[in-house]
Amino acid sequence: MQKYFHSVRLDEDKCKGCTNCVKRCPTEAIRVREGRALIIEERCIDCGECIKICPNRAKLATTDGLEQLQNFHYTIALPAPSLYAQFEPNTSPEQILGALLNIGFDDIFEVALGAEAVSLALRDYLSRDHPRPMISSACPAVLRLMQVRFPGLLQHIVPIETPMEISAGLAREKARQQHGFSDNQIGVFFITPCPAKVTAIKQPFGEKSYVDGAISMSVIYGELLHSLDSPSTKQLPLLSGARGVGWGKAGGENHAIRCHSHLAVDGIHSIINVLEEIERGGLSDIDYLEAQACTGGCIGGPLAPQNLFVARVRMDNLVKKLSLQPDRPKSLSTDPEFLRLNKPILPRPALKLDQDINRAIEMLEEVEKITEDLPGLDCGSCGSPNCRALAEDIVRGYADTSFCIFKLRQRLQILAREIVDLSHKQPPAMGREREKELKEGDA
Ligand code: SF4
Ligand code: SF4
């Protein structure tokens, strides 16, 4: 089986095997075995739902640290638009950009600028004839979900790179032209609200990633707050407008494209419902589906430090303010070829029971039979998310029927009855003794 990089991982010492994450995972990628969670790596889409739900903080995201900046001559920060909504309302994006410089970056390139370029490209792409609805390529957790659970819908994804990649490519080009640095002297770091972006950098959908690392928003947050208080922190001009910054929250993409019939869905479980509907042939009247795995969009990402509802109000106010500002610089126009995703997104057959179709059918029949025999309570006590998943695990050889506490109790009851029956049986040699006992009893 192919090895995948995953940002999401487990801290075994903190895990208590509570099964909260097992029930929440959208791809049934978690099991609890021997009192600890276990992530089935080919199923995991790095959505971070398990990070959000874990009461013991045992699920973590692997990200890069600020010390990695030392590996490059010239470093560039790529702030995700959602970063601006993490701070107090009186903290402007200009101050946040200045604070990023103050903590060690040599330059900044706003991802919101890349988002503006992508919005223009999307508008153009949607005016042409493609299968409807076209689906946004911006959220890597949604793309991985489709690879694993909805491979038949991959052709609906718009083959346009993400704002993060476009911004990284443009930032590199600028550093090369302005300062003459070679490619490996430049370090580009995305300030990320989610582990899915980390995975998208280490294991890109296109041929390569222009990004060298991802620094967690929640890790860098304290440093930025400290820097905002420092008198040495300057303000940098914000070059992007409401259209680009708005990408940080659900509905922002559609607002930036502004034409065509569109639908914005956020939250991974709602997205699954909508994708199922598209699989059944529905929603062909919709031109564009903006789908973000996190509720609220990237402002609700697992690594965003601020409460989602607070961040949403701040983002709304900022977008309103920016849209009222006249004379904002024009969006970047870029070569359409540079914006294209240069590799098709292929399925990841993680949920197949077997590569051999005949064997897979046999296994499926076995799964159905075992599922019918299980109690159907989906309690999760067996460490699998539901009875059907346990049946699959049994057929795959990863579990046993006795993992189900109801089946175990049933077996114990049968065993107990057998023991009682056996206790009344006597070896033939002792038959007369028994007769004598009975007679004495009668007398
Ligand atoms: S990151 Fe998402 S897909 Fe991966 S184990 Fe956690 S909840 Fe499941
Ligand atoms: S919605 Fe944004 S933060 Fe959440 S997984 Fe997708 S890209 Fe990451």
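Here the structure is shown first, and the text comes after it.
Structure report, in brief. Values in this document were obtained by computation on a predicted structure and should not be read as measured data.

1. Things to note about the overall build of the chain
So, step 1. What the chain contains, in helices and strands, is 17 helices and 11 strands.
So, step 2. Relative to its length of 443 residues, the chain is extended, with a C-alpha radius of gyration of 28 Å against a globular reference of 22 Å.
So, step 3. When its C-alpha atoms are laid out on the principal axes, the chain stretches across 115 × 50 × 40 Å.
So, step 4. For the chain, restricting intrachain contacts to residue pairs at least 6 apart in sequence, the fraction spanning at least 24 positions comes to 77%.
So, step 5. Positive and negative charge centroids in the chain, built from 52 and 58 side chains respectively, lie 2 Å apart.

2. What to know about the pairing of strand β3 (residues 36-39)
So, step 1. As defined by bridge partners, strand β2 (residues 30-33) adjoins β3 across 4 bridges and the pair is classed as antiparallel. Paired with Val32 across the bridge in β3 is Ala37.
So, step 2. The loop that links β2 with its antiparallel partner β3 comprises 2 residues; one of these, Glu34, has a positive phi angle of about 50 degrees.

3. Some words on the packing of aromatic side chains
So, step 1. Considering all chains together, one arrives at 4 aromatic pairs under this definition.
So, step 2. Judged by centre distance (4.9 Å) and plane angle (25 degrees), the rings of Tyr74 and Phe181 are stacked. Residue Tyr74 is found in strand β5 (residues 74-79), and its partner Phe181 is found in the loop between α6 (163-179) and β8 (186-192); the two are separated by 107 residues along the sequence.
So, step 3. What makes Tyr74 buried here is its relative accessible area of 9%.
So, step 4. Relative to Tyr221, the ring of Phe87 lies with its centre 5.0 Å away and its plane at 40 degrees, an arrangement referred to as tilted. Of this pair, Phe87 sits in the loop between β5 and α3 (93-102) while Tyr221 sits in helix α8 (residues 217-228), and the two are 134 residues apart along the sequence.
So, step 5. With relative accessibility at 1%, the residue Phe87 sits in the buried group.
So, step 6. Linked through ring pairs, Phe72, Phe105 and Phe189 together constitute an aromatic cluster.
So, step 7. The side chain of Arg348 reaches across the aromatic face of Tyr4, ending 4.1 Å from its centre.

4. Overview of empty space enclosed by the protein
So, step 1. For the structure on display, the rule yields 6 cavities of 30 Å³ or more.
So, step 2. Lining the largest cavity are 26 residues, with Ala138, Lys197, Trp247, Gln292 and Cys298 sitting closest to its centre.
So, step 3. Contributions of two or more residues to the lining of the largest cavity are made by α4 (111-126), α5 (140-149), α6 and α7 (195-202).
So, step 4. Taken together, the residues that form the lining of the largest cavity break down as 19 nonpolar, 4 polar and 3 charged.
So, step 5. If you add up the space inside the second largest cavity, you get close to 130 Å³.
So, step 6. Lining the second largest cavity we find 16 residues, and of these Glu161, Thr162, Glu165, Ala200 and Phe205 sit closest to its centre.
So, step 7. Residue classes in the lining of the second largest cavity are distributed as 9 nonpolar, 3 polar and 4 charged.

5. Some words on the sheet that holds β5
So, step 1. Overall, parallel pairing links the 4 strands, which are arranged β6-β5-β8-β9 in an open sheet. The open sheet has two edge strands with one neighbour each: β6 (107-108) and β9 (213-216).
So, step 2. Sheet topology places β5 next to β8; 6 bridges connect them, and they run parallel. Of the residues in β8, the one forming a bridge with Thr75 is Gly187.
So, step 3. Packed onto the sheet, α7 meets β8 and β9 and runs at close to 155 degrees relative to β8.

6. Remarks on the site of ligand 1
So, step 1. Taken together, 13 residues surround ligand 1, and among them Cys25, Cys44, Cys47, Gly48 and Cys50 come closest.
So, step 2. Grouping the constituent residues of the shell around ligand 1 by class yields 9 nonpolar, 2 polar and 2 charged.

7. Considerations on the environment of Ile268
So, step 1. Turning to its location among the elements, Ile268 is positioned in helix α11 (residues 268-279).
So, step 2. C-alpha of Ile268 to C-alpha of Arg348: the two residues are 80 residues apart in sequence and 18 Å apart in space.
So, step 3. Setting aside chain neighbours within four positions, we find Ile268 in contact with Pro26, Ile45, Glu49, Leu145 and Ala293.

8. Quick word on the pairing of β5
So, step 1. Judged by how many residues are buried, β5 sits mostly within the fold: 6 of 6 residues are covered.
So, step 2. Residues of β5 alternate between two faces, with Tyr74, Ile76 and Leu78 on one and Thr75, Ala77 and Pro79 on the opposite face, all of them buried.
So, step 3. Tracing the backbone out of β5, into α3 and back to the parallel element β6 gives a crossover that is right-handed.

9. As for the nonpolar core
Soluble globular proteins tend to pack their nonpolar side chains together in the buried interior.
So, step 1. If you look at the biggest cluster of nonpolar residues, it comprises 69 residues, and the most contacted ones within it are Leu78, Leu100, Phe105 and Ile191.
So, step 2. When residues in this core are grouped by element, the largest group, 9 residues, is from α4.
So, step 3. Leaving out residues up to four positions away in the same chain, Leu100 has contacts with Ala77, Pro79, Leu83, Phe105, Ile108, Ile191, Ile220 and Leu224.
So, step 4. Of all hydrophobic cores here, the second largest spans 31 residues; its members include Val142, Val265, Ile272 and Ile345.

10. Quick look at the sheet that holds strand β7 (residues 134-135)
Pairing between sheet strands relies on hydrogen bonds along the backbone, with the strands arranged either parallel or antiparallel.
So, step 1. Read from one edge of the open sheet, 3 strands run β7-β11-β10, paired in parallel fashion. Unpaired on one side and paired on the other, β7 and β10 (262-266) mark the two borders of the sheet.
So, step 2. Here 2 bridges tie β7 to strand β11 (residues 288-292), and the two strands are oriented parallel to one another. Paired with Ile135 across the bridge in β11 is Leu289.
So, step 3. Relative to β10, α11 is tilted by about 140 degrees, and along the sheet it contacts β7, β10 and β11.

11. With respect to the layout of surface pockets
So, step 1. If you add up the space inside the largest pocket, you get close to 470 Å³.
So, step 2. The wall of the largest pocket is formed by 18 residues, among which Ile51, Lys52, Arg57, Pro302 and Ala304 lie closest to the centre.
So, step 3. Here the lining of the largest pocket gets 3 residues from one element, more than from any other, and that element is strand β4 (residues 59-61).
So, step 4. In terms of residue class, the lining of the largest pocket is made up of 10 nonpolar, 5 polar and 3 charged.
So, step 5. Shared between two domains, the lining of the largest pocket takes at least three residues from each, and those domains are domain 1 (8-61) and domain 2 (66-339).

How each quantity is defined
- The residue numbering used here restarts from 1 in each chain and proceeds along that chain's sequence as written.
- For this description, chains carry letters from A and ligands carry numbers from 1, given in the order in which they are written.
- Local features are withheld for residues below a pLDDT of 70 in this predicted model, meaning they are given only at 70 or higher, and side-chain atom pairs are given and counted only at 80 or more; totals for whole chains, interfaces and linings count all residues.
- To get the side-chain values, take all heavy atoms of the structure and skip hydrogens and water.
- Comment: elements are numbered from the N terminus, with helices defined as DSSP H or I runs of at least four residues and strands as E runs of at least two.
- C-alpha atoms define the radius of gyration, and 2.2 Å times the number of residues to the power 0.38 defines the globule rule.
- Working rule for contacts: check all heavy atoms of both residues, and any pair within 4.5 Å makes them a contact.
- A positive count includes Lys and Arg, and a negative count includes Asp and Glu. His and the chain ends are not counted in either.
- For this purpose, a charge sits on NZ of Lys, CZ of Arg, CG of Asp or CD of Glu.
- Strand pairing is defined by DSSP finding a minimum of two bridges between the two strands.
- For this analysis, a ring pair means two rings from Phe, Tyr or Trp (six-membered ring only for Trp) whose centres lie within 6.5 Å, classed as stacked if their planes differ by under 30 degrees, edge-to-face if by over 60, and tilted for the remaining angles.
- To sort residues, take the accessible area from a 1.4 Å probe on protein chains only and compare it with the maximum for the residue type: under 20% means buried, over 50% means exposed, and anything in between is partly exposed.
- Charges are assigned to positions over rings by a cutoff of 6 Å between ring centre and Lys NZ or Arg CZ, combined with an angular limit of 35 degrees from the ring normal.
- Note on definitions: the grid is 1 Å and covers protein atoms alone; a cavity is a set of points where a 1.4 Å probe fits but cannot get out; a pocket is an open set with protein on both sides within 12 Å along at least five of seven lines; lining residues have an atom within 4 Å of a point.
- Grid points are joined across faces, edges and corners, and a volume is the space filled by probe spheres set on the points.
- The nonpolar class holds Ala, Val, Leu, Ile, Met, Phe, Trp, Tyr, Cys and Pro. Asp, Glu, Lys and Arg form the charged class, and all remaining residues, Gly among them, are polar.
- For helices, the axis comes from a line fit to the C-alpha atoms of the stretch in contact; other axes are also lines fit to C-alpha atoms, and the angle between any two N-to-C directions lies between 0 and 180 degrees.
- If a single non-hydrogen atom of a residue is within 4 Å of a molecule or strand, that residue counts as near it.
- By convention a crossover is right-handed if, when the strands point away from the viewer, the path from the first strand over the helix to the second runs clockwise.
- Here the nonpolar core consists of buried residues drawn from Ala, Val, Leu, Ile, Met, Phe, Trp, Tyr and Cys, with membership extended through side-chain atoms lying within 4.5 Å.
- For the domains described, the bounds stem from an automatic or database domain assignment.

Just distances and angles here, no functional claims.
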